[in-house]
Amino acid sequence: MKNRSTTASRKSTTASPFDQLAEIAGNLWWTWQPHLASIFEMLNPRAYASSNQNPIVALRRCTAAKRRALEGDAQFVKNVRRAYGDYRRYVRSKTWYQQTHKSKSRRQVAYFCMEYALHESLPLYAGGLGVLAGDHLKAASDLGLPFVAVGVYWKKGYGRQHINSAGKQVSRHQPIKPEDTSFAEVRTESGRPWRLRLPMGADHVTIRAWQADVGRIQLYLLDADLPVNKPRDRKLTHTLYSGDRDTRIRQEILLGIGGWQLLRALKVPVGACHLNEGHAAFLSIERIAERMKDHGETYAQALRYVRNTSVFTTHTPVPAGNEEFDPELVDRYLSKYQRMLGLTGEQFHNLARVKPDDAKENFGMTPLALRTSRYANGVAKLHGQIARKMWSGMFPKKKTAAVPIGHVTNGIHLQTWLHPLMNDLLGEFLGADWSAQQDQKSSWKKANRIPDESLWTLHRQFKTELIAYCRERIERQLRRDPVREMALSGVEDILDPGALTIGFARRFATYKRATLIFSDPARLAKILNNQNKPVQLIFAGKAHPADTEGQALVAEVVRFSRTPRFRNRVVFLEDYDMNVARHMVAGVDVWLNNPQRPREASGTSGMKPALHGGLNLSILDGWWPEGFNGKNGWKIGGGQDHRDTKYDDRRDVESLYRTLEREIVPLYFKQGKEGLPIEWLARMKNALQSIPPVFNSHRQVKEYLKRYYLPAMRNSQ
Ligand SMILES: *Cc1c(COP(=O)(O)O)cnc(C)c1O
């Protein structure tokens with residue numbers, strides 16, 4: 001098998017800036033270099049914007065005249081040279097892992113996930129799970145872990161959201177064309193494209209794979225969209241989380257079983273497997289079968305080996321959210337494995353049941369993953385507790401506290417979410433290499449030295465940028481809609497740079513209660529329209545195309561944004577993605593999160609504004625009970641669980657309104673010396689010192705390494 005990184009030609013530093021840019025664009029390292037965007041944009045601003053900031057498209061559509069002009073632009077050439085130097089250093093330098101772990105082993109961690117959010121121009125993700133996986137990969141690369149990842153090339157991307165004139169969400173697909181990516185098709189040693197005929201029940205599906213370089217590591221994306229396949233099989237890798245149960249089980253076979261066979265063909269020396277969510281759990285079954293066949297192990301030995309080398313992360317505290325399949329569907333596609341494992345039908349299904357021999361149970365991917373993974377975790381401390389309780393039925397001899405599910409609290413990849421100017425400010429006060437010490441609290445203490453004036457000026461600039469961004473997008477939205485365009489004069493009155501700005505952006509899953517703040521419209525209108533202390537709300541988020549309730553919530557927020565008393569004070573930005581997220585998290589004052597506790601396993605979105613000094617206002621759910629210290633934001637409610645009653649919603653929204661009216665709004669508008677909101681700024685700095693040093697993906701990946709990856713890799717020997 002050829003690995004592109006070993007065969008790629010090494011270009012000298014005297015290459016033209018365009019060769020250097022092309023090499024940079026060939027590695028997704030660029031997705032976490034905040035300063036590179038302005039360089040790529042210069043190549044062709046329109047192509048860059050219309051491709052959702054895709055540097056490969058911008059490079060291709062850079063005209064010859066533009067090239068000549070840029071080649072003569074000394075600043076441009078210098079900036080490219082510097083970026084290129086940074087890139088070469090990044091991929092070549094000795095890593096944290098090499099310095100701290102002097103292991104001779106070549107074994108790697110293989111990470112499996114259905115979705116990866118690496119950049120907005122690659123819509124291979126739906127939401128938080130993908131964001132977490134993308135950030136995990138980037139951190140694994142930064143730290144230099146021996147790591148490889150497997151996912152799916154969703155050819156038609158994830159639905160892009162438009163709001164139509166009736167205020168309803170319409171989804172359209174934005175295909176990801178191979179020529180617009182840096183993906184290289186995986187080839188065999190003889191140079192021919194690699195193909196696998198993957199058995200699917202009585203049939204076969206032929207798949208190929210693409211290699212994406214993410215800094216120092218490789219992400220392999222599986223693809224069934226080949227002309228040799230039947231149309232229904234080609235569609236398997238078109239769209240994420242769509243289609244019926246039959247499609248879904250085949251997609252999961254593709255990821256778990258196809259993904260493992262790819263790593264085998266590539267001869268990757270896998271020491272541990274990390275199943276990020278249950279979607280990939282068929283991987284374990286394939287690995288057990290392989291140990292029995294190739295190593296002559298008994299079923300019990302093979303199961304023990306696979307268990308000892310598997311890490312499983314669960315993300316779903318809602319029972320219905322845990323993937324399961326009808327037993328007949330599983331038999332249709334996997335009966336061969338039952339035979340290979342030498343099991344009876346009952347025994348095979350028992351692997352995926354909470355209670356063995358309970359014939360009423362479906363085939364659960366979470367029980368399967370838990371049974372075949374010695375290392376298992378939830379994604380926040382609270383979620384660890386919930387998960388232990390939820391799955392205690394699988395461990396009848398253990399007390400709930402002893403159920404073998406721990407937790408690793410999620411973090412974000414700071415460089416991905418950071419505004420370039422905030423990066424400069426942190427560099428100035430924390431030290432140029434602050435990022436290498438991002439998980440050290442002592443390093444962030446220095447944020448205290450940032451002058452109030454500088455932080456406030458920068459924050460106001462981010463907010464101004466956010467408002468300009470909102471107006472531009474809303475104008476575009478209105479241009480598609482001639483009726484409303486006539487009704488509204490212009491967009492310059494939308495949002496007010498002087499107003500306290502609250503952001504709410506996430507998937508519109510019902511448990512997240514996007515419309516909670518509208519429970520008492522009159523009371524909210526009074527808060528927002530206070531002449532001297534104006535407040536405004538920016539919303540964004542997609543509902544799953546099959547989730548009619550979620551879509552109704554989108555429509556409701558849009559409807560409120562169009563009623564006279566909320567006009568210009570409440571906006572809904574369409575097409576929430578990583579780009580919208582980056583703008584929002586830099587520019588808002590307050591980040592609102594009001595899920596039904598404890599349904600938010602972790603949530604990561606609130607960690608992103610904190611990196612810019614934004615303050616969270618959140619239910620004590622997910623990561624927030626660990627993050628909240630009394631001074632870096634606010635809590636809604638007192639940590640009560642939601643029991644699905646109207647009373648719980650009323651209690652929470654009352655707390656939300658009171659906190660806004662009595663604490664947040666007065667504090668924001670309380671001016672100290674020189675017209676600065678001194679107390680607010682103190683909270684911003686507190687957020688900056690207390691949240692990023694803990695809730696970053698470097699800390700997260702180091703925890704996985706120490707607690708799970710290293711022990712699992714040792715067990716593999
Ligand atoms: C951060 C982020 C998420 C995760 O948001 P949660 O509120 O934690 O679920 C989802 N989508 C996008 C685009 C994000 O940037």
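**Q** Whenever I open this one, the pattern of salt bridges confuses me. Can you help?
**A** Side-chain pairs of opposite charge can arise where the charged atoms are in close proximity. Considering all chains together, one arrives at 43 salt bridges under this definition. Close ionic contact of Asp 86 with Arg 89 constitutes a salt bridge, the shortest N to O distance being 2.8 Å. Of this pair, Asp 86 and Arg 89 both sit in helix α7 (residues 74-92), separated by three residues, roughly a single helical turn. For Asp 86, a relative accessible area of 33% gives the class partly exposed.

**Q** Please explain the side chain of Lys 685 as it appears in this structure.
**A** Its place among the elements puts Lys 685 in helix α29 (residues 678-690). Since its relative accessible area comes to 8%, Lys 685 is described here as buried. A polar atom in the side chain of Lys 685 sits 2.9 Å from the side chain of Asp 452. Dropping the residues within four chain positions of it, Lys 685 is found in contact with Ala 447, Asn 448, Ile 450, Pro 451, Asp 452 and Leu 455.

**Q** In this structure, what is going on with a negative patch on the surface? I would like to understand it.
**A** There is a patch of like negative charges on the surface, built from Glu 324, Asp 326, Glu 328 and Asp 331. For Asp 326, the position within the fold is in the loop between β11 (324-325) and α14 (327-340). For Asp 326, a relative accessible area of 43% gives the class partly exposed.

**Q** Could you clarify how one ought to interpret the sheet that holds strand β16 (residues 535-540) in this entry?
**A** Sheets are built from strands that pair by backbone hydrogen bonding, the pairs being arranged parallel or antiparallel. Within the open sheet, the six strands sit side by side as β17-β16-β15-β18-β19-β20. Their pairing is parallel. Of all the strands in the sheet, the pair left with one neighbour each is β17 (570-573) and β20 (633-636). Going across the sheet, the axis of each strand differs from the next one's by a mean of 20°, ignoring polarity. Taken strand by strand, helix α28 (residues 646-668) contacts β15 (500-505), β16, β18 (590-593), β19 (615-619) and β20, and its axis lies near 160° from that of β20. The strands touched by α29 are β15, β18, β19 and β20; relative to β19, the strand with the most contacts, the crossing angle is about 75°.

**Q** Please clarify how the site of the ligand should be interpreted in this entry.
**A** Within the structure, the ligand sits among 14 residues, and Lys 512, Gly 603, Thr 604, Ser 605 and Lys 608 are positioned closest to it. Protein chains shield 96% of the accessible area of the ligand, which is 390 Å² for the free molecule. Breaking the shell around the ligand down by element, the ones donating at least two residues are α9 (128-143) and α25 (578-587). Of the residues in the shell around the ligand, the class split is five nonpolar, five polar and four charged. Two domains each put at least three residues into the shell around the ligand: domain 2 (96-410 + 700-715) and domain 3 (414-695).

**Q** Can you help me understand α29 in this one?
**A** In this model α29 runs 18 Å from its N-terminal to its C-terminal C-alpha over 13 residues, within 8% of the 18 Å that 1.5 Å per residue would give. When we look at burial in α29, the residues that qualify are Trp 680, Leu 681, Arg 683, Met 684, Lys 685, Asn 686, Ala 687, Leu 688 and Ser 690.

**Q** Looking at this structure, how should I read the state of the cysteines?
**A** Such a bond, covalent and formed between the sulfur atoms of two cysteines, is termed a disulfide. Considering all chains together, one arrives at zero disulfides under this definition. For Cys 273, which is in no disulfide, the shortest distance to another cysteine sulfur is to Cys 113 and amounts to 14 Å. Residue Cys 273 is classed as buried on the basis of its relative accessible area of 0%.

**Q** Whenever I open this one, the nonpolar core confuses me. Can you help?
**A** Among soluble globular proteins, nonpolar side chains are generally buried collectively. Ranked by internal contacts, the top residues of the largest apolar core, which has 136 residues, are Phe 282 and Tyr 709. In this structure, Met 422, Phe 429, Phe 539 and Tyr 576 belong to the second largest nonpolar core, which totals 98 residues.

**Q** Is there a simple way to explain the domain arrangement of the protein chain in this structure?
**A** Many structure descriptions define interface size as the accessible area lost when the parts assemble. Domain boundaries assigned for the protein chain yield domain 1 (12-92), domain 2 (96-410 + 700-715) and domain 3 (414-695). Between the C-alpha centres of domain 1 and domain 3 the distance comes to 32 Å. Residue-level contacts link five residues of domain 1 with eight residues of domain 3. Around 550 Å² of area is buried between domain 1 and domain 3 when both sides are counted, 48% of it from carbon and sulfur atoms. When the area that domain 1 buries against domain 3 is broken down by residue, the three leading residues are Trp 32, Pro 34 and His 35, summing to 70%. Between the two partners, domain 1 and domain 3, sit zero salt bridges.

The rules behind the values
- Residues numbered from 1 in each chain as written.
- Predicted model: local features only at pLDDT ≥ 70, side-chain atom pairs only at ≥ 80, totals over all residues.
- Heavy atoms only, no water.
- Salt bridge = Lys/Arg side-chain N within 4 Å of Asp/Glu carboxyl O.
- Helix = DSSP H or I, 4+ residues; strand = E, 2+ residues; numbered from the N terminus.
- Buried < 20%, exposed > 50% of the residue type's maximum accessible area, 1.4 Å probe, protein only.
- Polar contact = N/O pair within 3.5 Å; in protein donor to acceptor, adjacent residues only side chain to side chain.
- Contact = heavy atoms within 4.5 Å.
- Patch = residues over 30% accessible without salt bridge, like charges linked within 9 Å, V, L, I, M, F, W, Y side chains within 5 Å.
- Areas by Shrake-Rupley, 256 points an atom, 1.4 Å probe, with all protein chains shown as cover.
- Lys, Arg positive; Asp, Glu negative; His and termini not counted.
- Charge placed at Lys NZ, Arg CZ, Asp CG, Glu CD.
- Pairing = 2+ DSSP bridges.
- Axes fitted to C-alpha atoms, helices over the stretch in contact; angles between N-to-C directions.
- Near = heavy atom within 4 Å.
- Nonpolar A, V, L, I, M, F, W, Y, C, P; charged D, E, K, R; others polar.
- Domains from an automatic or database assignment.
- Expected span 1.5 Å × (residues − 1).
- Disulfide = S-S within 2.5 Å.
- Core = buried A, V, L, I, M, F, W, Y, C linked by side-chain atoms within 4.5 Å.
- Buried area = accessible area lost by both parts, 1.4 Å probe.

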